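Fold and contact review
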Amino acid sequence: MIKEWYVQLLILILVWLILTLLKKRFFRKQLKNFKRLDVMSLFLLVSIHFLSQNVIGLSIIPFLICGLSAYGLIMTILYALMEGQILYKKFLIKFWRVADILFLGTYCVLLIFKVVSFFN
């Protein structure tokens, strides 16, 4: 049941709505820098795994992790060379934002492929 693309999309929408309501109702002042996409990345990874297995026959999670590892290594070397030090907070925020964008973009591309193949 959870392997179906429309169930995954529904779960992602529900999680997004729940996080939005929680932030607006209960944690307005405490979580000023809270980004819903940071929490959604975990759900997106699970959805990417099932969707990529369904669309292309294998999970692309290892390729995403390898790419992110290479990006993190290059970013670390550049921070060390340009600034002379590595600021962990700045590094982690930038790295996680890039990972969020990569996960969301990958999910959207896979979802488009699945929807097009579903209607053909």
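**Considerations on helix H3 (residues 61-83)**
Look at H3: 32 Å from first C-alpha to last across 23 residues, which is about the 33 Å you get at 1.5 Å a residue. The set of residues buried in H3 consists of Ile 61, Leu 64, Leu 68, Gly 72, Met 75 and Tyr 79. In this structure, the buried residues of H3 make contact with helix H2 (36-56) and helix H4 (88-119). Gly 84 lies just past H3 and shows a positive phi near 80 degrees.

**Quick look at the packing of H2 against H4**
The geometry of H2 relative to H4 is characterised by a closest axis approach of 9 Å and an angle of 35 degrees between their N-to-C directions. Note on packing geometry: the crossing formed by H2 with H4 is left-handed. Counting all contacts with H2, which are made through Leu 37, Asp 38, Ser 41, Leu 44, Leu 45, Ser 47, Ile 48, Leu 51, Ser 52, Asn 54 and Val 55, the residues of H4 involved are Trp 96, Arg 97, Asp 100, Phe 103, Leu 104, Thr 106, Tyr 107, Leu 110, Leu 111, Phe 113 and Lys 114. In terms of residue class, the contact of H2 with H4 is built from 13 nonpolar, 5 polar and 4 charged.

**A look at a nonpolar patch on the surface**
The grouping of Leu 10, Ile 13, Leu 14, Trp 16, Leu 17, Ile 18, Leu 22 and Phe 26 at the surface amounts to a nonpolar patch, some 770 Å² of accessible area in total. Relative to the helices and strands, Phe 26 resides in the loop between helix H1 (5-25) and H2.

**Looking at the packing of aromatic side chains**
In this structure the tally under the stated criterion is 4 aromatic pairs. Between Tyr 71 and Phe 95 the ring centres are 6.1 Å apart and the planes differ by 15 degrees, which places this aromatic pair in the stacked class. One end of the pair, Tyr 71, is in helix H3; the other, Phe 95, is in helix H4, with 24 residues separating them in the sequence. Measuring from centroid to centroid gives 5.9 Å for Phe 91 and Phe 95, while their planes differ by 15 degrees, and the two rings are stacked. Here Phe 91 pairs with Phe 95, and both are found in helix H4, just 4 residues apart, close to one helical turn. Here Phe 91 matches Phe 95 in class, with each residue buried. Taken together through their ring pairs, the aromatic side chains of Tyr 71, Tyr 79, Phe 91 and Phe 95 make up a single cluster.

Definitions and cut-offs
- Along every chain, residues carry numbers that run from 1 in the direction the sequence is written.
- The model is predicted, so local features are restricted to residues of pLDDT at least 70 and side-chain atom pairs to those at 80 or more, both for listing and for counting; the totals for chains, interfaces and linings are taken over all residues.
- Only heavy atoms go into the side-chain values, all of them from the structure, while hydrogens and water stay out.
- Labels follow the DSSP assignment, with helices taken as runs of H or I lasting at least four residues and strands as runs of E lasting at least two, numbered in each case from the N terminus.
- Expected span, for any helix, means 1.5 Å times one less than how many residues it has.
- Note on classification: 1.4 Å probe, protein chains only; a residue is buried when its accessible area is under 20% of the maximum for its type, exposed when over 50%, partly exposed between these limits.
- Note on definitions: a residue-residue contact is assigned when non-hydrogen atoms from the two residues lie within 4.5 Å.
- Axis lines are fitted through C-alpha atoms, for helices just across the contact stretch, and the angle between N-to-C directions can take any value from 0 to 180 degrees.
- Should the near helix be turned anticlockwise from the far one by less than a right angle, the crossing is termed left-handed; should it be turned clockwise, right-handed.
- When residues are sorted by character, Ala, Val, Leu, Ile, Met, Phe, Trp, Tyr, Cys and Pro go into the nonpolar class, Asp, Glu, Lys and Arg into the charged class, and all the rest, Gly among them, into the polar class.
- For patch building, the residue pool is restricted to those with more than 30% relative accessible area and no salt bridge; the joining distance is 9 Å between like charges and 5 Å between nonpolar side chains (Val, Leu, Ile, Met, Phe, Trp, Tyr).
- The Shrake-Rupley method, run with a 1.4 Å probe sphere, supplies the accessible areas, and residue values consider only the shown protein chains as cover.
- In the sections that follow, a salt bridge refers to a side-chain nitrogen of Lys or Arg positioned within 4 Å of a carboxyl oxygen of Asp or Glu.
- Centre distance within 6.5 Å is the pairing criterion for rings of Phe, Tyr and Trp, where only the six-membered ring of Trp is used; planes under 30 degrees apart are then read as stacked, over 60 as edge-to-face, and the remainder as tilted.

No statement about biological role is implied by the geometric values presented.
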